[in-house]
Structure formats: C-alpha cells, structure tokens
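Structural overview for review
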Amino acid sequence: MQKRFLIIDGLNLIRRLYAALEKEIDPVRRIERTQSTSIDALSRLLHQFDPDYAVVVFDSNGQTWRHKVFPEYKLGRIPMDDILLNAMPEFAKLFRFNKVPALRLSGWEADDLIATLAVKAAQNDIKSYIISTDKGFTQLLGDTNILQYDYFARLGYDKEWVYEKYGVTAEMLGDYWALVGDTTNKIPGVKGIGPKTAVKVLAQANTVEAIYQNLESFEPKMKQMLEGGLEQCKLSRSLALLKTNVEIGVKLSQFKYMKQ
C-alpha cells in the first residue's frame, strides 16, 4: 500500500477556526476554544487520512524573500489579532503533544515549506495530502501523488478540478496568475486581462516567454494590453510560484506518525 503524508497548513487552519468563534467575547476563552477545535480537527484528519507521516507547518515571523523582491506583497491584509499571534507557540506545543511535529523555518512562508515537502515525498512515491483552503497549492496538483483537501468545505482538489476551475492545467497556473494577478496576495497582473482572456492567451502561447516572443500573432487590442508587461509578468509569476527546493534540514523519517 502506498504511504501517505498529511501536511497541514497550520495558520490557515487555526485562523479559520478562530474566526468561526468571533461571537466569543472573552479573548482568553476564544483562544482556548480555538485550541480545542484545532486538536479536534487534527484528530479528525488523522482518522480520515490514516497517514504514515504527518506535520503541521507554520509561517515564520517577519518578512520573507517575497517581501524583499516585492514590498507590496500581501500589503493591506487584515493583521492577525495580537492575542492569536502570541498564542502560536502554544498551538505548536499542542500539536506536538498529540504526536504531530510542528515545522517552522526562519525567513520562509509555510507555503514554500509545504510545497517542498509534498514534492520531495511525491518523488519517493509517497502520496501527500495538503490540508489548506489556499488555492496557491493547486499549482502542485499536476503530480498525481499530491492532493489538496479543504477541511471546512470537505472538498478534495486534484488536477481535474484545477482544469475545471481555471481552464488551464496545474503546470500553467504560474503563467495564468502572472496574467490575471492574485488579489489575495496583492500580486499584480496585466491590466485588462481577466480569467477568460488569460485562458485564451495561454491557449495561443502557453508561457509568459512564449506570449512575448509571439506578440505579433495577437489581435491589436490584446497586443496593446500585453505590450511592455514582460518583466512584470515574470515577477508576478515568480511570486505566485511556490518554491519546491527549500533546504529544510530534516528527514522524512522525523515526520513519521506513531499511530495509536
């Protein structure tokens, strides 16, 4: 039987559980209840996926490489409540107490660590299940050994879902987001190009480089929108694409889940 790796986007899970308790007016009690529901979610996920390996991955504090190359990255996002931010180390301890390690690496977003873990596991024929509502992970789903699961909607995502949702393959999502942008992370696209237009453009030239090498083949209006946007598209694509080669410094065996 193929081995399974459960990779949980820690902050993504915790923030949504915390948001669901907005009617709790006592801030300390709200944290306690969020911790309780987080462990309940962990238990459900472990039971559902019955993994051989498991980890909860957290963002590091402060800026990452994306902020350095593009200071506007995620600018304007609603900040996390201080009490929740300060409680993050306690959440990590709770996960560890329940036999699931917590991973965080200075200077890196959880997304890049998760992508690296999933891709390396897939290369060793281990099926990874990424637990997150973040659609950025869908770019990894071209590999059949990587799947995504939305705990809140109880929905799983695979490469077929990606094509139905976006009209392009998972491997083309970086170029797709370079054209349409990513408003969630404040990554700019090409002005005037929306999802439907991006699909048409990529059907004619399937990478940013191919688009700009063949500008003359596009109709005048499209050519006018695209002109002068190569460098911005390349930057946006680099911001949208997840790193899959982060030197994490741990072995897969360290994430082995000791089943009850």
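Before any of the text, the structure's been laid out above.
This text gives an overview of the structure that appears in the document.

Conventions we followed
- Residues numbered from 1 in each chain as written.
- Predicted model: local features only at pLDDT ≥ 70, side-chain atom pairs only at ≥ 80, totals over all residues.
- Heavy atoms only, no water.
- Salt bridge = Lys/Arg side-chain N within 4 Å of Asp/Glu carboxyl O.
- Core = buried A, V, L, I, M, F, W, Y, C linked by side-chain atoms within 4.5 Å.
- Buried < 20%, exposed > 50% of the residue type's maximum accessible area, 1.4 Å probe, protein only.
- Contact = heavy atoms within 4.5 Å.
- Helix = DSSP H or I, 4+ residues; strand = E, 2+ residues; numbered from the N terminus.
- Phe/Tyr/Trp six-rings, centres within 6.5 Å; stacked < 30°, edge-to-face > 60°.
- Lys NZ or Arg CZ within 6 Å of the ring centre and 35° of its normal.

The final tally for this structure, using the stated rule, is twelve salt bridges. With a closest N to O distance of 2.8 Å, Lys223 and Glu216 form a salt bridge. Sharing partners across several salt bridges, the network here consists of Arg66, Lys74, Glu109 and Asp112.

Ranked by internal contacts, the top residues of the largest apolar core, which has 56 residues, are Phe5, Val57, Leu117, Leu179, Ile211 and Leu226. In this view, Ile211 contacts Leu179, Val201, Leu202, Ala205, Phe218 and Leu226; residues no more than four positions away in its chain are not counted. Formed by 31 residues, the second largest nonpolar core is a distinct cluster that contains Met80, Ala92, Val100 and Tyr257.

Summarising burial for helix α1 (residues 10-19): seven of the ten residues are buried, a large majority. Three or more residues of α1 are buried, namely Gly10, Leu11, Asn12, Leu13, Ile14, Leu17 and Tyr18. Those residues of α1 that are buried are in contact with β1 (4-9), α2 (27-49), β2 (53-57) and α4 (82-97).

Bringing the packing of aromatic side chains into the picture now. Two aromatic rings, taken as a pair, are described by how far apart their centres are and by the angle between their planes. Taken as a whole and judged by the stated rule, the model has ten aromatic pairs. Ring centres of Phe49 and Tyr129 lie 4.8 Å apart, and the angle between their planes is 40°; this geometry places the pair in the tilted category. One end of the pair, Phe49, is in helix α2; the other, Tyr129, is in strand β4 (residues 127-131), and 80 residues separate them in sequence. Across this residue pair, the class does not change: Phe49 and Tyr129 are buried. Their ring planes at 85° and their centres at 6.1 Å tell us that Tyr166 and Trp177 sit as a pair that is edge-to-face. Of this pair, Tyr166 sits in helix α6 (residues 159-166) while Trp177 sits in helix α7 (residues 173-180), and the two are eleven residues apart along the sequence. Taken as a pair, Tyr166 and Trp177 share a single burial class, namely buried. One residue, Lys243, lies across the ring of Trp65, its end atom 4.6 Å from the ring centre.

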